[in-house]
Amino acid sequence: MDIRFRPFPYKGGLGLSGAEGARDNALFVEYLKSQHGDLADHVYLTSDAVATVAAAFEHGVILIAGTGSSCRVLLNDGRVFGVGGWGHQIGDGGSAFWIAMRAIRMIFDEDDGMEIPHESTQKIRELLLEYFNIEDKVDILEHLYSKFQKSKVALFTKELAKRAFIPVPIRTILQYFFSYRYRRSCSKQVILRLLGFVHAVQGTWIPKVNIYRPSTSSAIGAAVMVAQQAGISIPHPNCASLLETINFY
């Protein structure tokens, strides 16, 4: 059936990576309406991070730490606030790319006399040459500029987690991100304590934190949000599984 003659109107919800700016989102939606208005009579665009929250809860917080990193909070009135998520040039603190670059930068800073590491960097140097298949540390510049691939640089963190001599707490954190075995056996509360999360929250007004894993596609969240924007009331799916609860008082 030709969608131009459909018996009921369609709503289009989109949760896309990088859809963070209200101005650009509005321009994109207007373009869809003007050029492809037969697809849907109502379109809503948000970021994939916000859509992931909406798929799990009516309001909540999402923390992302992969190749990049970001934090977004969706309030029950639909407003969104966040920290990070602006890409490797500006932020992405705590991400795999950020960790890899700190390791590489430490080698250069040590040789330039800018930093004296607390531990030997010899193993990191060896892994750097091996992973990037280079003969000298200076050769890494080609991989960071003319042949730059963010995902490849980020995966250097995986090699550090598996093989480098890193102090045990830090190595445990890295392996937790990259090893399925650690995800099953390593206490998430221990990981959070090592990251300073619990220390930062203790003494605040927050009585407890529930940690959930999304159990469905962020597309569900985008659908929920466009329905809300269109004034359509639908039951919220609440698609998330509880991983752990941390009580503070």
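Residues numbered from 1 in each chain as written. Predicted model: local features only at pLDDT ≥ 70, side-chain atom pairs only at ≥ 80, totals over all residues. Heavy atoms only, no water.

A. Fine view of the pattern of salt bridges. Throughout the structure, instances matching the rule amount to eight salt bridges. For Arg125, the salt bridge identified is with Asp111, shortest N-O distance 2.7 Å. Separated by 14 residues along the polypeptide, Arg125 in helix α4 (residues 122-131) and Asp111 in helix α3 (residues 96-111) bring together distant segments of the chain. The salt bridge partner of Glu142 is Lys147, with a shortest N-O separation of 3.4 Å. Residues participating in the shared-partner salt-bridge network are Glu110, Asp111, Arg125 and Lys137. (Salt bridge = Lys/Arg side-chain N within 4 Å of Asp/Glu carboxyl O. Helix = DSSP H or I, 4+ residues; strand = E, 2+ residues; numbered from the N terminus.)

B. Structural view of the pairing of strand β2 (residues 42-47). Buried residues dominate β2, accounting for five of its six residues. A crossover connection joins strand β1 (residues 11-16) to the parallel β2 through helix α1 (residues 22-35); in handedness this β-α-β unit is right-handed. (Buried < 20%, exposed > 50% of the residue type's maximum accessible area, 1.4 Å probe, protein only. Right-handed = clockwise from strand over helix to strand, strands pointing away.)

C. Quick peek at the environment of Gly15. Tracing the sequence through the fold places Gly15 in strand β1. Overall, Gly15 belongs to the partly exposed group, its relative accessible area being 23%. Linking Gly15 and Ser47, residues 32 residues apart in sequence, is a C-alpha distance of 4.8 Å. Not counting residues within four places of it along the chain, the set of residues in contact with Gly15 comprises Thr46, Ser47, Asp48, Ala51 and Ala222. (Contact = heavy atoms within 4.5 Å.)

D. Layout of the nonpolar core. Core analysis: the largest hydrophobic core is formed by 19 residues, its most contacted members being Ile104, Leu128, Phe132, Ile140 and Phe156. Residue assignment for this core shows that the elements contributing at least two residues are α3, α4, α5 (140-144) and α6 (150-163). When residues in this core are grouped by element, the largest group, eight residues, is from α3. Among the nonpolar cores identified, the runner-up in size contains nine residues, and Tyr44, Val50, Ala54 and Ile62 belong to it. (Core = buried A, V, L, I, M, F, W, Y, C linked by side-chain atoms within 4.5 Å.)

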